[in-house]
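Read off the chains here:
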Amino acid sequence: MATLELSIQDEAVSTPVRGRRKLGVLFWLASGWLVIILALAILAPVLPLQSPVDMDMLERRAGFSGEHWLGTDGLGRDELARLIFGARVSLTVGLIAPMISLVFGGALGLFAGYFRGRFETLVVGSMDVLLAFPPLIFALAVTAYLGQSVPNLTVILGVLGIPAFMRVARAATLTLARREFVIAAEALGASHARIILRELLPNVILPLLAFFLLGVAVTIVVEGALSFLGLGVPPPMASWGSMIGEGRESLDVAPRLAFLPAAALFLTVLAFNLVGDTLRALTDPRQGAL
């Protein structure tokens, strides 16, 4: 009996240790990078930075100096200020657009997986239509009609991400809808609203939040690509994608103008991917299956 109690205690002590080891060094490095980038983006207006839009043609493509820590771009604007203020735009779009997708796509997937029948057919069919529509043409059409702005770009990317979140929510709901706790709630006379909000939603939201971080990474890349093509935020506002597009004209004389925002974009997307993959693995019920 003493041996059994000792083994149980050892297992209880070692379980949290194994849970911590699952996170790994890369997870904490990625989380630290995201904290730094988010803090810089939030505090950008109060930081001692130069204006990201003021031009000085006499200081075009100036090198690193005490006045301009990362130099200036092709129009004499401070590169560090544009990099940090560009993070505000990229992260704003990258975070809010997946939130739109999470709310609408998650709700549609939850209802479709629970009610099934014609409603599920209608939702899945409409999402297939949206997926079949070329996203670049959709972005071009909306931008041409509504104009270039951060809200319009955010809504465009949020709508385009709804089908992916719908599928994740529907798949999770289908695996949970026939579980014992849901059947027991139905047998006790619980309403559909109570079952969805009290039984299903707390379990479906975990994989959705993990997928949300991956969606943020994808959205930042898409925003950068659209800004690179001139479909993102209007000038003189800065985003990492527009800075890369502007820097390509100076690759032969000042390649840092393209490489610095590209490096910031790469590291941020990589960090979101690492954190999202780790959380997805931790919240995946199959990881704990025997």
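Residues numbered from 1 in each chain as written. Predicted model: local features only at pLDDT ≥ 70, side-chain atom pairs only at ≥ 80, totals over all residues. Heavy atoms only, no water.

**Q** Describe the side chain of Glu120, listing the residues and the values that go with them.
**A** Its place among the elements puts Glu120 in helix 3 (residues 117–132). Leaving out residues up to four positions away in the same chain, Glu120 has contacts with Ala112, Arg170 and Leu174. (Helix = DSSP H or I, 4+ residues; strand = E, 2+ residues; numbered from the N terminus. Contact = heavy atoms within 4.5 Å.)

**Q** Now, about the packing of helix 2 (residues 79–115) against helix 5 (residues 150–160): what can you tell me, with residues and values included?
**A** In contact at an axis separation of 8 Å, helix 2 and helix 5 are set at 40° when each is read in the N-to-C sense. When the axis of helix 2 is compared with that of helix 5, the two are oblique. Note on packing geometry: the crossing formed by helix 2 with helix 5 is right-handed. Within the contact between the two elements, helix 2 uses Val89, Thr92, Val93, Ile96, Ala97, Ile100 and Ser101 and helix 5 uses Val150, Leu153, Thr154, Val155, Leu157 and Gly158. When the residues that make up the contact of helix 2 with helix 5 are grouped by side-chain class, the tally is nine nonpolar, four polar and no charged. (Axes fitted to C-alpha atoms, helices over the stretch in contact; angles between N-to-C directions. Parallel < 35°, antiparallel > 145°, perpendicular 65-115°, else oblique. Left-handed = near helix turned anticlockwise from the far one by under 90°. Nonpolar A, V, L, I, M, F, W, Y, C, P; charged D, E, K, R; others polar.)

**Q** Break down the confidence of the model for the chain for me, with residues and values.
**A** With 90% of its residues at a pLDDT of 70 or more, the chain has an overall mean of 81. Across the chain, helix 2 holds the top mean pLDDT of 90, while helix 1 (residues 2–43) sits lowest at 66. Confidence drops under a pLDDT of 50 for residues 1–21, and excluding neighbours within four residues, the segment shows zero contacts in the predicted structure. (pLDDT = per-residue confidence, 0-100.)

**Q** Pulling in residues and values, what's your account of the packing of aromatic side chains?
**A** Taken as a whole and judged by the stated rule, the model has five aromatic pairs. When the ring of Tyr114 is compared with that of Phe115, the centres are 5.0 Å apart and the planes differ by 75°; the resulting orientation is edge-to-face. By relative accessible area, which is 10% here, Tyr114 ends up buried. Taking 6.3 Å as the distance between ring centres and 90° as the angle between the ring planes, the aromatic pair formed by Phe133 and Phe138 counts as edge-to-face. Phe133 gets classed as partly exposed once you look at its relative accessible area, which sits at 41%. Owing to a relative accessible area of 21%, Phe138 belongs among the partly exposed residues under this scheme. Among the aromatic residues, ring-to-ring pairing joins Phe111, Tyr114 and Phe115 into one connected group. (Phe/Tyr/Trp six-rings, centres within 6.5 Å; stacked < 30°, edge-to-face > 60°. Buried < 20%, exposed > 50% of the residue type's maximum accessible area, 1.4 Å probe, protein only.)

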